[in-house]
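Examining the three-dimensional arrangement
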Amino acid sequence: MLEFTFLFVIVVAGTGGELCVSRAMKVIGEVHDFRPTALVCFVFRAMRVGWMWVGISMMTLAFFSLLAMLSIENVSFVVPVTALSYAAGAVGAMLFLHERISMQRWVGVLIVCVGVALVWLSRR
Amino acid sequence: MKDSPGLHLKTYIFIFFMVLFAPLGNVLLSKGMKGVGSAKNWAPGEILHVLGSIMTSGYIWLGIGCLLTFFVAYMLVLTWADYSYVQPASSFSYAVVAMLGYFLLGEAVPPLRWMGIFVICVGVFIVGHTHPRTTEKL
């Protein structure tokens with residue numbers, strides 16, 4: 001049960017964090033200048049967007065949940081099951097970022113879920 | 001992605017870094033956390049004790065360093081290579097993490113888990129071969 005809770009936090013908070021960072025990046029716009037000074041300015045601009053801080057907070061929570069799960073389960077189990085974030089990412093991108101998800105991508109996500117189920121069943 | 005032998009070599013090298021450093025980082029985090037152990041209860045004192053052990057673990061910091069190296073390699077390769085090319089290639093890291101867990105940490109990896117990892121790699125490969133932009137360009 002504890003493993004399931006940690007996995008839930010890793011997937012939901014990790015994916016939620018990435019979606020928030022993605023939304024922050026869309027607020028900032030596409031980067032065309034890759035010179036070091038321009039990249040530093042870009043980072044400072046990103047830090048002024050509220051979504052960025054929500055995203056970083058959620059990703060930090062996911063990281064500590066990953067550490068907690070690694071303390072009780074094998075890494076060869078933990079990392080593959082976190083691939084479930086592909087499913088959470090597709091659902092989140094559709095609902096939160098209003099992206100269109102193609103049928104091919106849904107098929108890929110479904111196959112990832114089958115793989116995660118197999119890895120979960122292999123748990124000792 | 002512009003087609004030239006040098007660019008291909010550079011891309012392969014950076015994807016190799018990604019596929020190596022992300023699993024290595026996770027294996028080091030795992031090694032560190034096995035040393036730290038899990039919190040016995042949710043009391044603030046116990047949580048602080050575990051956090052203190054995490055912050056002073058060399059393996060954890062090495063793991064974070066590897067994950068940062070992965071992240072930098074990932075960001076850099078995306079500046080010239082297509083996301084739809086990089087993401088499927090990086091799916092190999094699921095297999096590499098199981099191999100490193102088996103060889104470096106002596107973890108038992110049952111056949112069902114290998115099969116699951118293979119299926120995940122196939123799924124990620126298909127996800128990565130879809131168009132990276134699904135919304136209208138502003």
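Criteria and cut-off values
- Counting starts from 1 at the beginning of each chain's written sequence and moves along it residue by residue.
- Following the order in which they are written, the chains are lettered starting with A and the ligands numbered starting with 1.
- Owing to the predicted nature of the model, reporting of local features is limited to residues with pLDDT of at least 70; listing and counting of side-chain atom pairs is limited to 80 or more, with chain, interface and lining totals taken over all residues.
- Helix and strand labels come from DSSP, where a helix needs a run of H or I of at least four residues and a strand needs a run of E of at least two; each type is numbered from the N terminus.
- With C-beta atoms placed from the backbone, a residue counts as buried when 20 or more other C-beta atoms lie within 10 Å of its own, as exposed when 12 or fewer do, and as partly exposed for counts between those limits.
- An expected span of 1.5 Å times one less than the residue number is assigned to each helix.
- Of all possible arcs, the one meant is that of the directions from the helix axis to the C-beta atoms.
- Once C-beta atoms have been placed from the backbone, residue pairs whose C-beta atoms lie within 7 Å are recorded as contacts.
- Side-chain classes are defined by residue name, with Ala, Val, Leu, Ile, Met, Phe, Trp, Tyr, Cys and Pro counting as nonpolar, Asp, Glu, Lys and Arg as charged, and the others, Gly among them, as polar.
- Each nonpolar core reported here comprises buried Ala, Val, Leu, Ile, Met, Phe, Trp, Tyr and Cys residues connected via C-beta atoms within 7 Å.
- Think of each axis as a best-fit line through the C-alpha atoms, taken over the contacting stretch in the case of a helix, with angles from 0 to 180 degrees between the N-to-C directions.
- By the definition adopted for this analysis, an angle is roughly parallel if under 35 degrees, roughly antiparallel if over 145, roughly perpendicular if from 65 to 115, and oblique otherwise.
- Values of pLDDT, ranging from 0 to 100, describe the predictor's confidence in every residue of the model.
- Crossings are assigned a handedness: left-handed for a near helix turned anticlockwise from the far helix by less than a right angle, right-handed for a clockwise turn.

Moving on: the overall build of chain B. Broken down by element type, chain B carries six helices and zero strands. Starting at the N terminus and walking to the C terminus, you meet the elements of chain B as α-α-α-α-α-α.

Another aspect to go through is the overall build of chain A. Assigned secondary structure in chain A consists of six helices and zero strands. Sequence-ordered secondary structure for chain A, helices as α and strands as β, is α-α-α-α-α-α. Each principal axis of the C-alpha distribution contributes one length, and for chain A these read about 50 × 35 × 25 Å. A burial count over chain A gives 42% of its 124 residues as buried.

Next up on the list: helix 5 (residues 92–104) of chain B. All names here are of chain B. For helix 5, built from 13 residues, the straight-helix expectation of 18 Å at 1.5 Å per residue is met to within 8% by its first-to-last C-alpha distance of 18 Å. Buried within helix 5 we find S93, Y94, V97, A98, L100 and G101. Projection of helix 5 onto a plane perpendicular to its axis shows the buried side chains occupying an angular sector of 160 degrees, all on one side. At the exit of helix 5 stands G106, carrying a positive phi of roughly 65 degrees.

Every contact between the two is made by 36 residues of chain B and, on the other side, 32 residues of chain A. The greatest single-element share of the side of chain B that touches chain A, amounting to twelve residues, is contributed by helix 6 (residues 111–128) of chain B. Of the residues in the side of chain B that touches chain A, the class split is 21 nonpolar, twelve polar and three charged.

What follows deals with helix 5 (residues 85–96) of chain A. Those residues of helix 5 of chain A that fall on the buried side of the exposure criterion are S85, Y86, A87, A88, G89, A90 and A93 of chain A. The inward-facing, buried residues of helix 5 of chain A abut helix 1 (2–28) and helix 6 (103–121) of chain A together with helix 6 of chain B. With its phi angle positive at about 55 degrees, H98 of chain A sits one or two positions after the end of helix 5 of chain A.

Of all hydrophobic cores here, the largest spans 66 residues; its most connected members are A83 and V112 of chain A together with I120 of chain B. The greatest single-element share of this core, amounting to twelve residues, is contributed by helix 1 (residues 5–36) of chain B. When residues no more than four places from it in sequence are discounted, the contact partners of V112 of chain A are A83, Y86 and A87 of chain A together with I120, G123, V124 and V127 of chain B.

In this section: the packing of helix 5 of chain B against helix 6 of chain B. All names here are of chain B. It is at 8 Å that the axes of helix 5 and helix 6 come closest, and there the two elements cross at 160 degrees. Between helix 5 and helix 6, the angle is such that the two are roughly antiparallel. Within the contact between the two elements, helix 5 uses F92, Y94, A95 and A98 and helix 6 uses R113, W114, I117, I120 and C121.

Another point: the confidence of the model for chain B. Residue and element names in this part refer to chain B. When the pLDDT values of chain B are averaged, the result is 85; 90% of them are 70 or greater. Here helix 4 (residues 83–90) is the element of chain B with the lowest mean pLDDT, 74, and helix 5 is the one with the highest, 93. If you check the scores for this complex, the pTM reads 0.82 and the ipTM reads 0.82.

When two helices pack together, their arrangement is given by the angle between their axes and by how far apart the axes lie. Residue and element names in this part refer to chain A. Running from N to C, helix 1 and helix 3 (residues 50–72) point in directions that differ by 155 degrees, and their axes come no closer than 7 Å. As far as their axial angle goes, helix 3 and helix 1 are roughly antiparallel. The crossing of helix 1 and helix 3 is left-handed. Taken together, the residues of the contact of helix 1 with helix 3 break down into 20 nonpolar, five polar and two charged.

Right, let's get into the environment of V77 of chain B. All names here are of chain B. With respect to the helices and strands, V77 occurs in helix 3 (residues 58–78). Since 23 C-beta atoms lie within 10 Å of it, V77 is described here as buried. A sequence separation of 59 residues divides V77 from M18, and the C-alpha atoms of the two residues are 9.5 Å apart. Those residues in contact with V77, other than ones at most four positions away along the chain, are T11, F14, I15 and V86.

So, on to the environment of M25 of chain A. Mapped onto the elements of the fold, M25 of chain A is located in helix 1. In the structure, M25 of chain A is positioned 24 residues away from V49 of chain A in sequence and 8.9 Å away in space, judged by C-alpha atoms.

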